[in-house]
Amino acid sequence: MSEPKSPTPTPGDTYKGWLFKWTNYIKGYQRRWFVLSNGLLSYYRSQAEMGHTCRGTINLATANIAVEDSCNFVISNGGAQTYHLKASSEVERQRWITALELAKAKAVHMQAESDDSGDECPAAPPSSGQGGGCRNLEIQSTLRTLGSKVEDLNTCNDLIVKHGSALQRSLSELEALRVSGDVGDKMKQVTERATLFRITSNAMINACRDFLSLAQSHSKRWQKALHSERDQRIRLEETLEQLAKQHNHLERAFRGATVLPSSFSNPALGNKGGVSGKGDASDEDDDNEFFDAMEDPAEFITVPADPKYHRRSGSNASGFSCETGMDDQSVNFDELSLASNPESPQTLELEPVRQRRTRIPDKPNYYLNLWSIMKNCIGKELSKIPMPVNFNEPLSMLQRLSEDLEYYELLDKAAKCHSSLEQMCYVAAFTVSSYSTTVHRTGKPFNPLLGETFELDRLKDCGYRSLCEQVSHHPPAAAHHALSEKGWTLRQEITLASKFRGKYLSIMPLGSIQCLFDKSENHYSWKKVTTTVHNIIVGKLWIDQSGEIDVVNHKTGDRCHLKFAPYSYFSRDVPRKVTGVVTDKDGKAHYVLSGTWDEKMEFSRIMQSSKGENGTEGKQRTVYQTLKAKEIWRKNPLPEGAENMYFFSSLALTLNESEEGVAPTDSRRRPDQRMMEDGRWDEANAEKQKLEEKQRIVRREREREAVKAASTPEEGAHPDNYQAMWFDKFDDPASGETLHVYKGGYWEAKEQGSWDMCPEIF
């Protein structure tokens, strides 16, 4: 079907026509009827739908318009709505771009005028009782006044026409006389009529000025009233939504489903079009990848405990002595721990702490089609796919591992706990906090080179120091060791297995994380959950964490089972929800944890438990009576301008900062990563290829040496038969796992400045 030829757009015109809109990977581009009017771009499946069904609308006042190629262009308003459009020809695309730009400029101008007028006019008094009737009377009175002004203008107009005609006749007669004795009388008549004309004109001007002033003043008041009504409508909608959600929660609680804490009943958190930005709410709901709509039934229910437990817990010395116990008292844990800890950094700080950087160069706006690279990699291991730095962030995987220490204070508090169950709550919150930095971080970290290291020395300001090393290349594995003066040690070895599935990318961390406390000798271990990156092909990238974690105390047998709920478009639950139960070695539950992995975690002490009624799938759920929930962890706010700095946290901004005395294998010395941070991406891509080729040459040489050293060609010939510099393999008797642990020597070598044993990898 041929496209109708659209007229050349002019400012203020309504512009209509057919365009092709991207829907999803299966359907591709679909033909839609678009209408541009009053700064709004709306679309329909056909022209017949214009009277009753609009499939989507985007406000151009806050939208960005970008041209991709000769026929394609993109309209986005910051993530919530994105239209990928295609015109039938380059000429047609240019017509649409011109019309859109004109409409956007006009919409921005009108919005600015609206804001100005709203600021100048006084606030409308709140309406109550008979406010609606008073407002109607006021509007009718104003309309009558304006009507009388219009009648005055019509009267003045008639008089001006009458006196103007008479003045014109007098002037014509005066010209005809030329020389006559009646000239004096005619001049007097002309003067009188000119005076009448001037008086009438002045009256007309004054009436016009009064009308204009009155119209402008009431226009501002009506505009303010309109905004007030609109805000009130929005508040009513939010209230209705909140009431509906509370009704659903009560209904599900009655049927045996999970009762959410009151802090999660905010409708803004449950809004599916909120932070995650899953595209526009149009008829193409299958534009994005979602998990199965079926929700896993909750394993337990939490209800408020009997008031007698609250009274008892205030005076009962139950052994939960860390931070004065986890009872129902309003205590600021952070302030209390600092006040009661004589070894806090404030008292030991004898020298000024180093001021670290708070900004990095803004991310360049380089466009590159991810699908053009990834379409040939479906089903392959991600670590074996050569990727340009355009999809990276200027940090290595070793530095991302070190970011797990962002909330090291949780382990500091855990080290001071006398109860292992209480300590388990802090360790569990620490495991969840490590995911909070990933919510907006869609960039891929650099794959470390074999033998690459990264140190994070925060001994003076935070009381810990950390070391990472890449101990294997295929499969890629990194070992991490952190030691704190507060009495805890964190060690982990992570191997990433990743698969690209077309529309999403799954990253499965393998390996174990262990935390040891010196004072109590408690030994904890856990694993990580699966990370999924959605909308690889089209749309805004977004990240989800899903799976289950068992945090185990191998000394006491205590256990915390954490469940990361996968995001579901059809779920009524809070997005990114995490729930957990802390049990002792006999399986008795003592604490309930709940929250989200991108914002905060809360815990509640269990006073009594009982078996509830069966759920929707016939499973009997446990009912826990708990004390009031207390916050145990909250995410730190991102620094200002983080959206232009890869959404780095305050700690992440300092990880690649140059430091003196670090090992020559440190990630800070990696040239391609440094070039990318400085915005020199073309040079970074070239340098990245050189480093990868150099690593392949070293790998082949190591393989040849292994073959020569072996008694037979089969023995020891594996190319990754590599001995790490600072870590040794260790069979942990407590957890039964084998992992690389720190063997010592790095910090001594740094003090001596002796790095002769380090390989040259950069």
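- Per an unreviewed UniProt entry, the protein chain is named Oxysterol-binding protein, and its organism is Pogonophryne albipinna.
- Entered under Subcellular location (unreviewed entry) in the UniProt record, the comment concerning the protein chain runs "Membrane".
- In UniProt, the protein chain has this text filed under Sequence similarities (unreviewed entry): "Belongs to the OSBP family."

1. Some points on the overall build of the protein chain
Right, so step 1: A tally of helices and strands in the protein chain yields 15 helices and 26 strands.
Right, so step 2: Residues classed as buried in the protein chain amount to 47% of the 762 residues present.
Right, so step 3: Carbon together with sulfur atoms contributes 52% to the accessible area of the protein chain, which is approximately 39,400 Å² in total.

2. Describing the sheet that holds strand β7 (residues 82-86)
Right, so step 1: If you trace the seven strands from one edge of the open sheet to the other, you get β4-β3-β2-β1-β7-β6-β5, paired in antiparallel fashion. A strand with exactly one partner marks an edge of an open sheet, and here the two such strands are β4 (56-59) and β5 (64-67). Neighbouring strand axes in the sheet, compared pairwise and without regard to direction, differ in orientation by 35 degrees on average.

3. Some remarks on the packing of aromatic side chains
Right, so step 1: By the definition in use, this model includes 18 aromatic pairs.
Right, so step 2: Cluster of aromatic residues (ring-pair linked, three or more members): W726, Y746, W747 and W755.
Right, so step 3: Here R465 stacks its cationic end above the ring of W747, 4.2 Å away from the centre of that ring.
Right, so step 4: Note that K528 overlies the ring of Y435, its terminal NZ or CZ placed 5.2 Å from the centroid.

4. Topic: the pairing of strand β14 (residues 488-500)
Right, so step 1: Of all 13 residues in β14, 11 are buried, a share of seventy percent or more.
Right, so step 2: Hairpin connection of strand β13 (residues 477-484) to β14: three residues between the antiparallel strands, including G487 at a positive phi of 100 degrees.
Right, so step 3: Two strands pair when backbone bridges link them, and β14 and strand β15 (residues 504-517) are joined in this way by 13 bridges, in the antiparallel orientation. Counterpart to L496 in the pairing with β15 is P509.

5. Considering the environment of F564
Right, so step 1: Its place among the elements puts F564 in strand β19 (residues 559-564).
Right, so step 2: The sequence separation of F564 and R576 amounts to 12 residues, and the corresponding C-alpha distance is 7.1 Å.
Right, so step 3: Leaving out residues up to four positions away in the same chain, F564 has contacts with V432, Y435, V529, Q545, S546, G547, I549, K577, V578 and W597.

6. Digging into helix α11 (residues 420-433)
Right, so step 1: If you check α11, its first and last C-alpha atoms are 20 Å apart, about what 14 residues at 1.5 Å a residue would give, namely 20 Å.
Right, so step 2: For α11, the tally of buried residues reaches 14 of 14 residues, placing the bulk of the element in the interior.
Right, so step 3: The N-cap residue of α11 is S419: its side-chain oxygen and the backbone nitrogen of L421 are 3.3 Å apart.

7. Observations concerning the pairing of strand β16 (residues 523-526)
Right, so step 1: Both faces of β16 are covered, namely the face carrying H523 and S525 and the face carrying Y524 and W526.
Right, so step 2: Two elements, β15 and β16, share four bridges in a ladder whose sense is antiparallel. Within β16, the residue paired with Q514 across the bridge is S525.
Right, so step 3: Between β15 and β16, which pair antiparallel and follow one another directly, the connecting turn spans five residues, one of which, E521, has a positive phi of 60 degrees.
Right, so step 4: As paired elements, β16 and strand β18 (residues 542-553) share two bridges and run antiparallel to each other. Following the sheet pairing, S525 is matched in β18 by V552.

8. Some points on the confidence of the model for the protein chain
Right, so step 1: Model confidence for the protein chain is summarised by a mean pLDDT of 78, while 75% of its residues fall at 70 or above.
Right, so step 2: Confidence drops under a pLDDT of 50 for residues 1-12, and excluding neighbours within four residues, the segment shows 20 contacts in the predicted structure.
Right, so step 3: Long-range and interchain partners of residues 323-349, a stretch whose pLDDT sits below 50, account for 47 contacts in this model, where long-range means more than four residues apart.

9. Observations concerning the nonpolar core
Right, so step 1: Formed by 66 residues in total, the largest nonpolar core has its most connected members in W488, L490, F517, W526, V551, L562 and F564.
Right, so step 2: The element contributing the most residues to this core is α11, with nine residues.
Right, so step 3: Excluding anything up to four places from it in sequence, V551 contacts M424, V427, T431, Y524, S525, W526, D558, R559, C560 and L562.
Right, so step 4: Residues Y15, L19, L36 and L41 belong to the second largest nonpolar core, which totals 20 residues.

10. With respect to helix α14 (residues 681-709)
Right, so step 1: Between the first and last C-alpha of α14 there are 42 Å, a value that for 29 residues agrees with the 42 Å anticipated at 1.5 Å per step.
Right, so step 2: In this structure, the buried residues of α14 make contact with β10 (444-446) and α13 (671-677).

Cut-offs applied
- Residues numbered from 1 in each chain as written.
- Predicted model: local features only at pLDDT ≥ 70, side-chain atom pairs only at ≥ 80, totals over all residues.
- Heavy atoms only, no water.
- UniProt positions renumbered as here; feature names shortened; annotations may be inferred.
- Helix = DSSP H or I, 4+ residues; strand = E, 2+ residues; numbered from the N terminus.
- Buried < 20%, exposed > 50% of the residue type's maximum accessible area, 1.4 Å probe, protein only.
- Areas by Shrake-Rupley, 256 points an atom, 1.4 Å probe, with all protein chains shown as cover.
- Pairing = 2+ DSSP bridges.
- Axes fitted to C-alpha atoms, helices over the stretch in contact; angles between N-to-C directions.
- Phe/Tyr/Trp six-rings, centres within 6.5 Å; stacked < 30°, edge-to-face > 60°.
- Lys NZ or Arg CZ within 6 Å of the ring centre and 35° of its normal.
- Contact = heavy atoms within 4.5 Å.
- Expected span 1.5 Å × (residues − 1).
- Polar contact = N/O pair within 3.5 Å; in protein donor to acceptor, adjacent residues only side chain to side chain.
- pLDDT = per-residue confidence, 0-100.
- Core = buried A, V, L, I, M, F, W, Y, C linked by side-chain atoms within 4.5 Å.

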